[in-house]
Amino acid sequence: CSLYPGGTASQYSFESVYACNGTTTGSTEFDHLLRTVPPTYAWQCVELSARFLWAKYRLSVPFGTYQSGAALVAAYHQKYKNIPVGPPGPSSSDVPVPGDVISLGPYGGTGQADGHTGVVIRNDVSTGTFTMMSENDLANHGSYEDSLSVDLTGAHNGMVQFDGVWTTASWLET
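Just so we're clear, the structure is a prediction, and the values are computed from it rather than from any experiment. (Residues numbered from 1 in each chain as written. Predicted model: local features only at pLDDT ≥ 70, side-chain atom pairs only at ≥ 80, totals over all residues. Heavy atoms only, no water.)

**With respect to the overall build of the chain**
1) Next: On a plain count of helices and strands, the chain comes out with three helices and nine strands.
2) Next: Traced from its N-terminal end to its C-terminal end, the chain shows the element sequence β-β-α-α-α-β-β-β-β-β-β-β.
3) Next: Residue burial in the chain is summarised as follows: out of 174 residues, 48% are buried.
4) Next: Nonlocal contacts in the chain, meaning residues at least 24 apart in sequence, comprise 54% of its contacts between residues at least 6 apart.
5) Next: A total of about 7,700 Å² of accessible surface is found on the chain, and carbon and sulfur atoms cover 54% of it. (Helix = DSSP H or I, 4+ residues; strand = E, 2+ residues; numbered from the N terminus. Buried < 20%, exposed > 50% of the residue type's maximum accessible area, 1.4 Å probe, protein only. Contact = heavy atoms within 4.5 Å. Areas by Shrake-Rupley, 256 points an atom, 1.4 Å probe, with all protein chains shown as cover.)

See below:
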């Protein structure tokens, strides 16, 4: 985070990869590689997920297309077909695990066409709940942790509850 003037590591991390805060304007290295729309400040959700996938698994960014939070999992899966994609469902095995990278939306709980993405840092498969760390969603303009849930009754297959609303989701099973 501190490689960019005005950037600082937040209190949120998973396996030594930190969500960042700061006043940095323009793009960071991962924003630039992903060809994201130049943000008001650099620390965006897509940047964190791409940086995490590089730092932990050495997965390079899928070049050539604009990446939204909602499209990130599909873009990485297209490039790395050997990484399975998990869907939310009624089984405890349908809950993402720490280290998975999740795409949410678009719309639904994300409230925007670009959706959202983050890194799963904790889960409880008995309740279907999990926590992700992320950067910059509509409600939280810095880095944060958010609680989400999978409906283990099967009433909302393919969706997770995010910010009180059911939204589509999928994750890279890393």
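**Here's the deal with the packing of aromatic side chains**
1) Next: Applying the stated rule across the entire model yields three aromatic pairs.
2) Next: On the numbers, 6.0 Å between centres and 75° between planes, the contact of phenylalanine 52 with tyrosine 57 is edge-to-face.
3) Next: The exposure class assigned to phenylalanine 52 is buried, which follows from its relative accessible area of 0%.
4) Next: Aromatic pair tyrosine 76 and tyrosine 80: ring centres 6.4 Å apart, planes at 20°, arrangement stacked.
5) Next: The buried category is assigned to tyrosine 80, whose relative accessible area is 16%. (Phe/Tyr/Trp six-rings, centres within 6.5 Å; stacked < 30°, edge-to-face > 60°.)

**A closer look at unusual backbone geometry**
1) Next: Cis geometry is found at the peptide bond from glycine 105 to proline 106, where omega equals 20°.
2) Next: Topologically, proline 106 is positioned in the loop between β4 (101-104) and β5 (116-124).
3) Next: Even without a glycine there, the phi angle at glutamate 15 is positive, about 50°.
4) Next: Within the secondary structure, glutamate 15 is located in the loop between β1 (7-14) and β2 (17-22).
5) Next: In this model, arginine 58 sits at a positive phi of 55°, which is unusual for a non-glycine residue.
6) Next: Summarising the element assignment, arginine 58 is placed in the loop between α2 (45-57) and α3 (72-79).

**Quick word on the state of the cysteines**
1) Next: If you walk through the whole model with that rule in mind, you get one disulfide.
2) Next: Residue pairing for cysteine 1: its cysteine sulfur links by disulfide to cysteine 20, the two sulfurs lying 1.8 Å apart. Between cysteine 1 and cysteine 20 the disulfide shows an S-S torsion of about -75°. By sign, it is left-handed. Of this pair, cysteine 1 sits in the segment before β1 while cysteine 20 sits in strand β2; the two residues are 19 residues apart in sequence, bridging distant segments of the chain. (Disulfide = S-S within 2.5 Å.)

**Brief notes about α3**
1) Next: Buried within α3 we find Leu72, Val73, Ala75 and Tyr76. Down the axis of α3, the buried side of the element spans an arc of 165°, and every buried residue falls inside it. Residues of α3 that are exposed and point more than 90 degrees away from the buried face comprise Ala74 and Gln78.
2) Next: Those residues of α3 that are buried lie in contact with α2, β3 (85-86), β4, β5 and β9 (165-172). (Arc of directions from axis to C-beta.)

**Quick notes on the environment of tyrosine 4**
1) Next: Structurally, the position occupied by tyrosine 4 is in the segment before β1.
2) Next: Considered as a pair, tyrosine 4 and glycine 22 are 18 residues apart in the sequence and their alpha carbons are 8.9 Å apart.

**With respect to α2**
1) Next: With 13 residues, α2 should cover 18 Å at 1.5 Å per step; its first-to-last C-alpha distance of 18 Å lies within 8% of that length.
2) Next: Looking only at α2, the buried set comprises Cys45, Val46, Glu47, Leu48, Ser49, Ala50, Arg51, Phe52 and Leu53.
3) Next: One or two residues past the end of α2 sits arginine 58, with phi positive at roughly 55°. (Expected span 1.5 Å × (residues − 1).)

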